[in-house]
Each structure stands twice: as structure tokens, then as C-alpha cells.
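Residue-level listing of the chains:
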Amino acid sequence: MGSELSICLIAIIELAFGIDNGLGRNPPMGWRSWNCYHGNINQQLIENVIDAMVNKSRMVNGKAMSYCDVGYCQVGVDDNWQFCL
């Protein structure tokens, strides 16, 4: 019983230490084309999505902000490449 407790304590202490480089504090935040359009994408559609993400027409606590201002800055394009035969 004592050795099991010691192992658990060591594991907990080891988990408490890490590199404090600012990475991993938030999950990856962004937009992916597959969730909305599957393989039906084109350049104009993606440009429209990017424009909407940086548009500051949304109010957050009385301040005009964009999705990018609150962390959603990444746009991922999935062009259905795995469907190729």
C-alpha cells in the first residue's frame, strides 16, 4: 500500500512540472472547411470565410471584435484529397 501511494505521489508531482512556453493553454481554435462544405470549396468561398473571421461587426462586452480577436485565427482547407482514386 505504501509503495502504491508513493508511485501515485511521484506521478502527480511529475505532472505538475512542464515547460512554461505559452503553448497548449488553449485548444487549437479555428475554422475547417470540411465541417461546412465537405469537398465543395473554391477560392472565393474561402476568401469570404476569412473576411468574415476578421470582420469586426460583432460586439463583445461593448467592443467591436472579430473571431480572430478572440482566438479563432486559423483557417484549414480540406479539398477532399483522400477521395482521389
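Cut-off values and rules
In this convention, every chain numbers its residues from 1, walking through the sequence in written order. Per-residue local features of the predicted model are confined to residues with pLDDT of at least 70, and side-chain atom pairs are confined, for both listing and counting, to 80 or more; whole-chain, interface and lining totals are unaffected and use all residues. Computation of side-chain values: all heavy atoms of the structure, hydrogens and water removed. Runs of H or I in DSSP of at least four residues are treated as helices and runs of E of at least two as strands, each being numbered from the N terminus. Each residue gets one of three labels from its accessible area relative to the maximum for its type: buried under 20%, exposed over 50%, partly exposed in between, using a 1.4 Å probe on protein chains only. Note on contacts: a residue pair qualifies if any of its non-hydrogen atoms lie within 4.5 Å across the two residues. Residue burial considers only the protein chains on display, and all accessible areas are found by Shrake-Rupley using a 1.4 Å probe. Throughout, a disulfide means two cysteine sulfur atoms within 2.5 Å of one another. The term polar contact refers here to a pair of N or O atoms within 3.5 Å; inside protein, the definition further demands a hydrogen-donor-capable atom paired with an acceptor-capable atom, and it admits residues adjacent in sequence only when both atoms are side-chain atoms. The working definition used for a salt bridge is a side-chain nitrogen of Lys or Arg within 4 Å of a carboxyl oxygen of Asp or Glu. Two distance rules govern patches: like charges are joined within 9 Å, and nonpolar side chains (Val, Leu, Ile, Met, Phe, Trp, Tyr) within 5 Å, applied only to residues with over 30% relative accessible area and no salt bridge.

Participant: Would you take a moment to explain the overall build of the protein chain for this structure?
Facilitator: Scanning the protein chain for helices and strands turns up three helices and four strands. Reading the protein chain from its N end, one meets helices and strands in the order α-β-α-α-β-β-β. Burial statistics for the protein chain: of 85 residues in total, 12% are counted as buried. Pairs at least 24 apart in sequence give 46% of the contacts found in the protein chain among residues at least 6 apart. Of the roughly 7,200 Å² of accessible surface on the protein chain, 60% is carried by carbon and sulfur atoms.

Participant: What am I meant to see in unusual backbone geometry here?
Facilitator: Residues apart from glycine generally show negative phi values, whereas peptide bonds are mostly found in trans. Positive phi, normally seen in glycine, also occurs at His38, with a value near 50 degrees. Tracing the chain through its elements places His38 in the loop between helix 2 (33–37) and helix 3 (43–54). One non-glycine residue, Asn61, lies in the positive phi region at around 55 degrees. Mapped onto the secondary structure, Asn61 falls in the loop between strand 2 (58–60) and strand 3 (63–65).

Participant: Sorry if this is basic, but what is going on with the state of the cysteines here?
Facilitator: Applying the stated rule across the entire model yields one disulfide. Between Cys68 and Cys73 runs a disulfide, and the two sulfur atoms are separated by 2.1 Å. Taking the sign of the torsion about the S-S bond as the criterion, the disulfide between Cys68 and Cys73, at about 105 degrees, is right-handed. Residue Cys68 is classed as partly exposed on the basis of its relative accessible area, which comes to 27%.

Participant: It is not clear to me how the side chain of Ser66 should be interpreted in this structure. Could you clarify?
Facilitator: Within the secondary structure layout, Ser66 lies in the loop between strand 3 and strand 4 (74–76). Given the relative accessible area of 5%, Ser66 is considered buried. One polar contact links the side chain of Ser66 to the main-chain amide nitrogen of Cys68, over a distance of 3.2 Å. Contact partners of Ser66, with chain neighbours within four places excluded, come to Met53, Val54, Asn55, Lys56 and Arg58.

Participant: Is there a simple way to think about the pattern of salt bridges in this case?
Facilitator: Should the charged atoms of two oppositely charged side chains come close, the side chains can pair. Applying the stated criterion across every chain yields a total of one salt bridge. In this structure, Asp69 engages Lys56 in a salt bridge whose closest nitrogen and oxygen atoms are separated by 2.6 Å. Within this pair, whereas Asp69 is found in the loop between strand 3 and strand 4, its partner Lys56 is found in the loop between helix 3 and strand 2, the two being separated by 13 residues in sequence. Judged by relative accessible area, which is 37%, Asp69 ranks as partly exposed.

Participant: Got a minute to help me understand a nonpolar patch on the surface in this structure?
Facilitator: Judged by side-chain polarity, Val60, Tyr67, Val70 and Tyr72 come together as a nonpolar surface patch covering roughly 330 Å² of accessible area. In this fold, Tyr67 is placed in the loop between strand 3 and strand 4. Taking the relative accessible area as the measure of exposure, Tyr67 reaches 39% and is therefore partly exposed.

Fair warning: the whole summary comes from geometry, so function is off the table for now.
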